[in-house]
Amino acid sequence: SLTASSPQQAAPTGSDGEVTASASRPGGGWEREFRHDDEMLRACGLYCKKVKADGACLFRAFADQLGGDVAGHLELREKCVAFLEAHPAEFA
């Protein structure tokens, strides 16, 4: 799951949290790039989905993709931390 946002404006989302690429504003920068990426994903049956930006967004995105919702994000975070602590030489 991805969050496409800008400090000035968040990407538009539908009621289910799916990020929608708004074509109402011809834009440059991130908006044009987001529309391009969104079109490529949709061609593959995928889409961008907004994830709560609370410092755990990476793990929320993992949980959503691996388990279908964000509920398991804390468990995934704990497993990642445990792995990092068990293998410190690999991450020095």
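These numbers were taken from a predicted model, which means no experiment stands behind them. (Residues numbered from 1 in each chain as written. Predicted model: local features only at pLDDT ≥ 70, side-chain atom pairs only at ≥ 80, totals over all residues. Heavy atoms only, no water.)

Enquirer: Can you help me understand the confidence of the model for the protein chain in this one?
Expert: Detail in the predicted coordinates should be disregarded across regions flagged by low pLDDT. Overall, the prediction assigns the protein chain a mean pLDDT of 78, with 70% of residues at 70 or greater. Helix α1 (residues 29-43) is the least confidently modelled element of the protein chain, averaging 90 in pLDDT, while helix α3 (residues 73-86) averages 95, the highest of any element. Note that residues 3-10 has pLDDT below 50 and, in this model, 14 contacts with residues that lie over four places away or in other chains. (pLDDT = per-residue confidence, 0-100. Helix = DSSP H or I, 4+ residues; strand = E, 2+ residues; numbered from the N terminus. Contact = heavy atoms within 4.5 Å.)

Enquirer: I tried to follow α1 on my own but got confused; where do I start?
Expert: Because each turn of an α-helix spans 3.6 residues, side chains separated by three or four positions in sequence point in the same direction. Over its 15 residues, α1 runs 22 Å from end to end, which matches the ideal 21 Å to within 8%, given 1.5 Å per residue. Trailing α1 by a residue or two, Gly45 shows a phi angle of about 80°, which is positive. (Expected span 1.5 Å × (residues − 1).)

Enquirer: Teacher, can you tell me more about the pattern of salt bridges here?
Expert: If charged atoms from side chains of opposite charge come close, those side chains can pair. The final tally for this structure, using the stated rule, is four salt bridges. Lys49 serves as the salt-bridge partner of Asp64, at 3.0 Å between the closest nitrogen and oxygen. Placement of the pair is Asp64 in helix α2 (residues 57-67) and Lys49 in the loop between α1 and α2, with a sequence separation of 15 residues. In this structure, Asp54 and Arg60 form a salt bridge, with 2.6 Å as the shortest nitrogen-oxygen distance. (Salt bridge = Lys/Arg side-chain N within 4 Å of Asp/Glu carboxyl O.)

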